[in-house]
Amino acid sequence: MSSQLALQQVSVSYGDFPAAVDVSFSLEKGQIGCLLGPSGCGKTTLLRAIAGFEQVTAGTITLNGETISRAGAQLPPERRRVGMVFQDFALFPHLSVQRNIGFGLDAMNREARAQRVREMLALVELEHYANAYPHELSGGQQQRVALARALAPNPEILLLDEPFSSLDSELREQLASEVRELLKRNGVTAILVTHDQNEAFAMADQIALMRQGQVVQLDTPYNLYHNPRSEFVAEFIGQGTIITVSVNASGALNNGLGILDVRDRPWQAGETLRLLVRPDDIEYDELSALSLPVVSKSFRGAHYLYELALPDGQKVPCLTPSHVAINPGESLPVRFNLQHVVVFDDSPSETTPIR
């Protein structure tokens, strides 16, 4: 099966500065991808290169089998059949919702354009707001208008550049899930750019996690969380903490946290490892003989997120039901669940995990 979108060893530079380096990934028709990473990692540069706003300095970008970018030559943005939703939605304040949606449909006759606008209004469930103006809509409604306008010309791919960043945090994940459902229902291929992993997890089928212009792991949301390939991935994804521990040949940790599974690899006595500890790896257990002092806690509605101190001073997270309320300075009885813990060699942060 040929890919709807394919980037092969794509690089983009601004003068001598490499903004994106040797990036390769592909999307099948109807898949939703995500470029995820911290500010300045190159994700928006890649999105702009796909849209045709930036020239590639190496590699190729193909869309539905057609090469749209290569070093020294590229198809103009207006000929790419690419839809784009921007951070600020870029709606025209003086135009009604229906006129905003129909803005890019000048090639259609009047009747066809009106029909397409009606279809898009129904798609995003804004039929009753056709004559409203952007300032009369909520942030979520404005986002749906921007989405409808981008989809109206029936693009080959939809690009979403931090489309939820102007909305409050409680609304972002909800809208990401709603947009995913809408795109999936209509078989739209899309790429989301975000620095927010919750948005990425709620929306994407596969995620390219970027750092300093390079893709450090291309994977499903599940694998990024549970099987990070480097300490950078482990620390960026989730609320985990990496701690340093010693282990004996039986897998027992020196600080009493528990025993690692030794079936895959027998540990050497005194071997030093680095463990990725997620909040769900440490479980509240009122009958446990192990209690750790609470350094801080954060109320999360149904849960408390605690920071606990180990005997050697290292700190680990713990998630408990919100009825478990322990104050800083007091101790929380816990047990460690090491069944799914990710273990790294005690070496530089870019090493791969050993299990």
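Here the structure is a predicted model, which is why all the values come from computation and not from measurement.

Now for the overall build of the chain. Counting its regular elements, the chain contains eight helices and 19 strands. With respect to the three principal axes, the spread of C-alpha positions in the chain is 75 × 45 × 35 Å. For the chain, the residues scored as buried account for 48% of the 355 residues in total. Long-range pairs, those at least 24 residues apart, make up 63% of the contacts in the chain with a sequence separation of at least 6. Both charge centroids of the chain, one from 29 positive and one from 41 negative side chains, sit 7 Å from each other.

Moving on, we get to helix H4 (residues 139-151). With 13 residues, H4 extends 19 Å from end C-alpha to end C-alpha; this agrees with the ideal 18 Å at 1.5 Å per step. Summarising burial for H4: eleven of the 13 residues are buried, a large majority. What H4 keeps buried is the set Gly140, Gln141, Gln142, Gln143, Val145, Ala146, Leu147, Ala148, Arg149, Ala150 and Leu151. Tucked inside the fold, the buried residues of H4 contact strand E7 (82-85), helix H2 (97-101), helix H3 (110-123), strand E8 (157-161) and helix H5 (169-185).

A word on empty space enclosed by the protein. Where empty space is left in the structure can be found by rolling a water-sized probe over the atoms. Overall, the coordinates contain one cavity of 30 Å³ or more when judged by the stated rule. Size it by volume and the largest cavity reaches roughly 40 Å³. If you trace the largest cavity, you find it lined by Phe25, Leu27, Gly33, Cys34, Leu35, Ile191, Gln206, Ile207, Ala208 and Leu218. Where the lining of the largest cavity is concerned, the elements lending two or more residues are strand E2 (17-27), strand E3 (32-36) and strand E10 (206-211).

A few words now on the side chain of glutamine 141. Position of glutamine 141 among the secondary structure elements: in helix H4. The class for glutamine 141 is buried, based on a relative accessible area of 13%.

Attention shifts here to the packing of aromatic side chains. Under the criterion given, the structure shown has four aromatic pairs. Of the aromatic side chains, those joined through ring pairs into one cluster are Phe299, Tyr304 and Tyr306. Over the aromatic face of tyrosine 225 sits the side chain of arginine 278, whose NZ or CZ is 4.1 Å from the ring centroid. Cation over ring: lysine 297 sits above tyrosine 304, and NZ or CZ is 4.7 Å from the ring centre.

Here we take up the sheet that holds E3. Spatial strand order, E7-E8-E9-E3-E10-E11: six strands in an open sheet with mixed pairing. Of all strands in the sheet, those bounded by a partner on one side alone are E7 and strand E11 (214-219). Going from strand to strand, the sheet's axes swing by 20° on average, the running direction of each strand aside. Of the strand pairs in this sheet, E8 and strand E9 (residues 190-194) are connected by four bridges, and their pairing is parallel.

Okay, the pairing of strand E1 (residues 5-14) next. Two elements, E1 and strand E4 (residues 58-63), share five bridges in a ladder whose sense is antiparallel. In the sheet register, leucine 5 faces E4, and the bridge partner there is leucine 63. Looking at chain direction, E1 and E2 are connected through seven bridges and run antiparallel. Among the inter-strand pairings, valine 12 is bridged to a residue of E2, identified as alanine 20. In this structure, the hairpin formed by E1 and E2 is closed by a connection of two residues, where glycine 15 is found at a positive phi of approximately 65°.

Here we take up the packing of H4 against H5. Here H4 crosses H5 at 30°, and the two axes come no closer than 11 Å. The orientation of H4 with respect to H5, classified from their angle, is roughly parallel. Our pair here, H4 against H5, has a crossing hand that is right-handed. Here Gly140, Gln143, Leu147 and Leu151 of H4 come into contact with H5, specifically with Leu171, Leu175, Val179, Leu182 and Leu183. The residue inventory of the contact of H4 with H5, partitioned by class, reads seven nonpolar, two polar and no charged.

Let us look at the nonpolar core. Counting 49 residues, the largest nonpolar core has Ile101, Leu151, Leu158, Leu183 and Met203 as its most contacted members. Broken down by element, the residue count for this core peaks at six residues, all from H4. Look past the residues within four positions of methionine 203 in its chain and what remains in contact with it is Ile32, Leu160, Phe164, Ala176, Val179, Arg180, Leu183 and Leu192.

Turning our attention to unusual backbone geometry. Here the phi dihedral of asparagine 64 falls at roughly 55°; this positive angle occurs in a residue that is not glycine. By secondary structure assignment, the location of asparagine 64 is in the loop between E4 and strand E5 (66-70). For asparagine 64, a relative accessible area of 44% translates into the label partly exposed. Its identity as a non-glycine residue notwithstanding, glutamate 162 has a phi of 45°, on the positive side. Turning to its location among the elements, glutamate 162 is positioned in the loop between E8 and H5. With relative accessibility at 9%, the residue glutamate 162 sits in the buried group.

Calculation criteria
- Residues numbered from 1 in each chain as written.
- Predicted model: local features only at pLDDT ≥ 70, side-chain atom pairs only at ≥ 80, totals over all residues.
- Heavy atoms only, no water.
- Helix = DSSP H or I, 4+ residues; strand = E, 2+ residues; numbered from the N terminus.
- Buried < 20%, exposed > 50% of the residue type's maximum accessible area, 1.4 Å probe, protein only.
- Contact = heavy atoms within 4.5 Å.
- Lys, Arg positive; Asp, Glu negative; His and termini not counted.
- Charge placed at Lys NZ, Arg CZ, Asp CG, Glu CD.
- Expected span 1.5 Å × (residues − 1).
- 1 Å grid on protein atoms, 1.4 Å probe; cavity = no way out; pocket = protein on both sides within 12 Å on 5 of 7 lines; lining within 4 Å.
- Points joined across faces, edges and corners; volume = space filled by probe spheres on them.
- Phe/Tyr/Trp six-rings, centres within 6.5 Å; stacked < 30°, edge-to-face > 60°.
- Lys NZ or Arg CZ within 6 Å of the ring centre and 35° of its normal.
- Pairing = 2+ DSSP bridges.
- Axes fitted to C-alpha atoms, helices over the stretch in contact; angles between N-to-C directions.
- Parallel < 35°, antiparallel > 145°, perpendicular 65-115°, else oblique.
- Left-handed = near helix turned anticlockwise from the far one by under 90°.
- Nonpolar A, V, L, I, M, F, W, Y, C, P; charged D, E, K, R; others polar.
- Core = buried A, V, L, I, M, F, W, Y, C linked by side-chain atoms within 4.5 Å.

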